[in-house]
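Take a look at the letters that make up each chain.
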Amino acid sequence: MKRICALILIAAITVSAVFAGGASESESTDLSAPVTLTIWTHEDPNRSVFEKELIEEFMAENPNVTVDYQTYPSGKMAELLTVAFSAGEGPDIFNQSQSVIRQFVEEGLVSALDPSWIGEESIDDVYARYIPGALEAVTLDGELHGLPLEYTNLAIYVNKNVFRDAGLDPETDYPKTWEELMDVSEKLVQREGEIITRRGFDFRYSTYYLMEMLPMVEQMGGKLVSDDGKTAVIGDEAWLKFFNYMKEWGPNGRNLGSPTYVGVSSIMNNNDNQLAMAMSGLYQEARIRANNPEYYESGEWMVIPFPQWEDAVENVTCHVSCHYYMVNGSISEAKQIWAWRLIDFMLSHSEGYLEKCSLVQPTYALFESELFKSMPYSEVFKNDLEHATLTYYSANSNAIRDKMKQAVEAVMLENRDPNEVLADFRRQVQDLIDDQNF
Amino acid sequence: MRNKVYSIERKKARWGWFFVVPALVFFALFSLYPMLNALWNTFHNVKLLSNRKPEFVGFRNYAYVLSSPEFWNSMKATVIFTLMSFIPLSVFSFLFGLVMATRKTGTKIMQLIIYSPAILSSVVAALIWLILFDPRGLANSAVNFLMQTPGIDHKWLTKASMLYMSTAIIYFWKYIGYFSIIILTGIAKIPESIMEAATTDGANARQTVCHIIMPLLKPTTAMVSIVAMLNCMKSFSTQYLFTQRGAPNAPLNVLTLNIYQTAMRDRNISRACVMSFVLFIIMMVLTVIRMKVSERKH
């Protein structure tokens, strides 16, 4: 009888353990079974090498886990992920910027982190690792859907040689305002007739419109979207000032640069008299060091803060682009747990990311580290970060960014009237906002 | 006897079906079903990445697309690009085909040179020309040399009219060889006896071209013009790459590019399908008109 009672008791305990709602997910998930995790990430040679080392280490510690690490061109990632997830074939782990990932969060396509999976007692402990605002793009209804890989704001890299060649002193003549930036660029630019052979400064264009140009509008009090998220393009005066500036910058104005010239990121390391100033993140230091160590060591470059307008009403610096690692929400729970553990393991090496790839993760620990402080001009980026916010994100942010790109191109290259362009731009963005709410 | 014939015909028909069915199944699966699915999408609110069940919205997507200034800008860009590419392609492919057919020497070299761009992918072709159209590139330098205008930026990649021209030049360069070879093949099919008879009757070169070659080449020229026109209307990669390199969107935003952006960037599959249907109908109507005109002349 005792044996029967004992068996019934064991059976009851087993059944209650299996069906108990309060039990931890990992307790009922077989984490010893072999799993293969697929990671899709954008190309970054320095980071790929480092992350592959970390993954090897993780696999050695967890022999049942295999990782398939795949890299793709950054410009193609959003499209690849959209197609893959639409077909139900998304990777287990992927990374993208806040502009792209928000749609994945809002559509419930990505996994929400259970803090116990990565050994934290509560989700607040995870938030406590990061500086305020760093996780807002991956937070929805109190749940956390991603962890930040890189947190990038842009400042201006200055080539001192080109300044001196133009008879300027880089230490004193560097531009502090947008007006000065245009005037200094005029002194630095070289042309053969109308054709630019050396640019003073040029923008990044490409996918950087919301990141590097929207702050120019916001410094004048303008906004892309109202605070309640319902109205597009606030503050016509600010927008018109910005559009007029870009028109003046382009080939139909003072002819200082254009998005059709070779992208500045591919020539800024060269030190070959093609470019004096360009915006980039702290990561550029690793790229200069890798591509042109002689120039890196020469001290002939420096970094200056993001400019402001002379009559700016808001102190806004370059917006921050934050890339997050996320986990596919449709994979098995065991895979999700291993995926989160791998992400947490990789991202726990924030000093390694900084040292080997010059990528900044928005953790208190990193900003306070000696390594960060010892990096050339890191204080310029840190000071700018104090006035920076995440680049605009929403489910339609990529489309809105493209509309801004088209508006800037229309005034700069097609020489269209800024008032007309502003009206078109407002209509298109409003349309996207309404469509999102539809 | 009649029964035997009947059974042979049935047997033949059965074999006919045997050979045709795979093609029909392939067509039904990979062409007809996607087309019907696209038509269904146009009446629903289908969005990529959305977990929500598509709602029936009637003609709302059609109303939106047909009242959108961006759609009509795309129509304009498509028409301009098609006219600027298709007319020179049709005319010059005939001329080049004729020259190659009548030359005694160097024909093979000429065919090789003229056809080689066709084997390049459109992406590679566009990338090559992007370098040439750079303000410091060969195209600008050549025009400045010919016009004696040193230092002038002809704005190949920024000015709307120049963008129409530069994309049309790329398309012409890439496909002229392909269509010239088709014309050349058409000319080669004209019976030698007819050409000899014309020569015997004292026809000169102009008369041979106008009264012998051109009438007999009509089916080929009709086919070339239809295919060239349809290909021009479907052009995508050149415009896409130009916009990726910073060229302004409006002059390049042909319907195919708009469809791509609406589907992949805006994730609005339904509106992209509406535009695809509009493009399909336009292409079909133009093809029928071209065929009717050709038949009437014949």
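## Let's talk about the packing of helix H7 (residues 160-188) of chain B against helix H10 (residues 218-233) of chain B
Residues and elements named next belong to chain B.
Working step 1: Two elements in contact, H7 and H10, have axes whose closest approach is 10 Å; the angle formed by their N-to-C orientations is 160 degrees. When the axes of H7 and H10 are compared, the pair comes out roughly antiparallel. Seen along the crossing, H7 lies across H10 with a hand that is right-handed. Residues Tyr171, Tyr175, Phe179, Ile182, Ile183 and Gly186 of H7 form the contact with H10, whose own contacting residues are Thr220, Val224, Ala228, Asn231 and Cys232.
Working step 2: Considered class by class, the residues forming the contact of H7 with H10 number eight nonpolar, three polar and no charged.

## What about unusual backbone geometry?
Residue and element names in this part refer to chain A.
Working step 1: Even without being glycine, Val233 reaches a positive phi, approximately 60 degrees.
Working step 2: As for its position among the elements, Val233 is in strand E11 (residues 232-234).
Working step 3: Residue Val233 is classed as buried on the basis of its C-beta count, with 25 C-beta atoms lying within 10 Å.
Working step 4: The residue Ser358 is not glycine, and still its phi comes out positive at about 55 degrees.

## Details of the packing of helix H4 (residues 107-115) of chain B against H7 of chain B
Relative orientation and spacing of two packed helices are given, respectively, by the angle between their axes and the distance between those axes.
All names here are of chain B.
Working step 1: It is at 7 Å that the axes of H4 and H7 come closest, and there the two elements cross at 135 degrees. One element, H4, and the other, H7, form an angle in the oblique class. The residues of H7 that touch H4, namely those facing Gln111, Ile114 and Tyr115, are Ile176, Gly177, Tyr178, Ser180 and Ile181.
Working step 2: Partitioning the contact of H4 with H7 into residue classes produces five nonpolar, three polar and no charged.

## Regarding the nonpolar core
Within soluble globular proteins, side chains that are nonpolar generally end up buried alongside one another.
Working step 1: Of all hydrophobic cores here, the largest spans 120 residues; its most connected members are Leu37 and Ile93 of chain A.
Working step 2: At eight residues, helix H18 (residues 397-412) of chain A tops the list of elements feeding residues into this core.
Working step 3: Each of domain 1 (32-149 + 321-360) and domain 2 (155-319 + 394-437) of chain A gives at least three residues to this core.
Working step 4: With near-sequence residues (within four places) excluded, Ile93 of chain A lies in contact with Leu37, Ile39, Tyr325, Val327, Ala339, Leu342 and Ile343 of chain A.
Working step 5: Of all hydrophobic cores here, the second largest spans 49 residues; its members include Phe71, Ala77, Phe96 and Val254 of chain B.

## Looking at the interface of chain B and chain A
Working step 1: Counting residues at the interface gives 24 residues for chain B and 25 residues for chain A.
Working step 2: Tallied by class, residues from the side of chain B that touches chain A come to eleven nonpolar, six polar and seven charged.

## So, the domain arrangement of chain A
Residues and elements named next belong to chain A.
Working step 1: Split by domain assignment, chain A resolves into domain 1 (32-149 + 321-360) and domain 2 (155-319 + 394-437).
Working step 2: Computed from C-alpha atoms alone, the centre-to-centre distance between domain 1 and domain 2 is 31 Å.
Working step 3: Counting residues at the interface gives twelve residues for domain 1, matched by eleven residues for domain 2.
Working step 4: Tallying contributions element by element places helix H4 (residues 98-106) first for the side of domain 1 that touches domain 2, with five residues.

## As for the sheet that holds strand E2 (residues 65-72) of chain A
All names here are of chain A.
Working step 1: Taken in spatial order, the five strands line up as E2-E1-E3-E14-E6 in an open sheet, and their pairing is mixed. Of all the strands in the sheet, the pair left with one neighbour each is E2 and strand E6 (147-152). Within this sheet the neighbouring strands show an average axis-to-axis angle of 20 degrees, counted without direction.
Working step 2: Across eight bridges, the pairing between strand E1 (residues 35-42) and E2 is parallel. Across the sheet, residue His42 finds its bridge partner in E2, namely Tyr72.
Working step 3: Running at roughly 120 degrees to strand E3 (residues 93-97), helix H3 (residues 74-86) makes contact with E1, E2 and E3 of the sheet.

## Looking at the pairing of E1 of chain A
Residue and element names in this part refer to chain A.
Working step 1: Counting buried positions along E1 gives six out of eight residues, so the element sits mostly inside the fold.
Working step 2: Handedness of the crossover joining E1 and E2 through helix H2 (residues 45-61) is recorded here as right-handed.
Working step 3: Direction of pairing for E1 relative to E3: parallel, over a ladder of two bridges. Its bridge partner lying in E3, Trp40 is registered against Phe94.

## Focus: the pairing of E6 of chain A
Residue and element names in this part refer to chain A.
Working step 1: Burial analysis of E6 places six of its six residues in the buried class, which makes it a mostly covered element.
Working step 2: One ladder, built from five bridges, connects E6 with strand E14 (residues 321-327); its direction is antiparallel. What sits directly across from Leu147, in E14, is Tyr325.

## With respect to the environment of Cys357 of chain A
Residue and element names in this part refer to chain A.
Working step 1: The residue Cys357 is located in helix H14 (residues 350-357) in this model.
Working step 2: Spatially, the C-alpha atoms of Cys357 and Tyr295 are 18 Å apart, while their sequence positions differ by 62 residues.
Working step 3: Setting aside residues up to four positions removed in sequence, Cys357 forms contacts with Asp44, Asn46, Arg47, Phe50, Tyr283 and Ala286.

## Some details on the sheet that holds strand E8 (residues 190-192) of chain A
Residue and element names in this part refer to chain A.
Working step 1: In spatial order, the strands read E8-E9-E12-E7-E13; together these five strands make up an open sheet with mixed pairing. Every interior strand has two partners, whereas the edge strands, E8 and strand E13 (301-304), have only one. Adjacent strand axes in the sheet meet at a mean angle of 30 degrees, parallel and antiparallel pairs treated alike.
Working step 2: The strands touched by helix H8 (residues 178-188) are strand E9 (195-202) and strand E12 (275-280); relative to E9, the strand with the most contacts, the crossing angle is about 145 degrees.

Here is what the cut-offs are and how they apply
Residues numbered from 1 in each chain as written. Chains lettered and ligands numbered in written order. Predicted model: local features only at pLDDT ≥ 70, side-chain atom pairs only at ≥ 80, totals over all residues. Axes fitted to C-alpha atoms, helices over the stretch in contact; angles between N-to-C directions. Helix = DSSP H or I, 4+ residues; strand = E, 2+ residues; numbered from the N terminus. Parallel < 35°, antiparallel > 145°, perpendicular 65-115°, else oblique. Left-handed = near helix turned anticlockwise from the far one by under 90°. Contact = placed C-beta atoms within 7 Å. Nonpolar A, V, L, I, M, F, W, Y, C, P; charged D, E, K, R; others polar. Buried ≥ 20, exposed ≤ 12 C-beta atoms within 10 Å, placed from the backbone. Core = buried A, V, L, I, M, F, W, Y, C linked by C-beta atoms within 7 Å. Domains from an automatic or database assignment. Pairing = 2+ DSSP bridges. Right-handed = clockwise from strand over helix to strand, strands pointing away.

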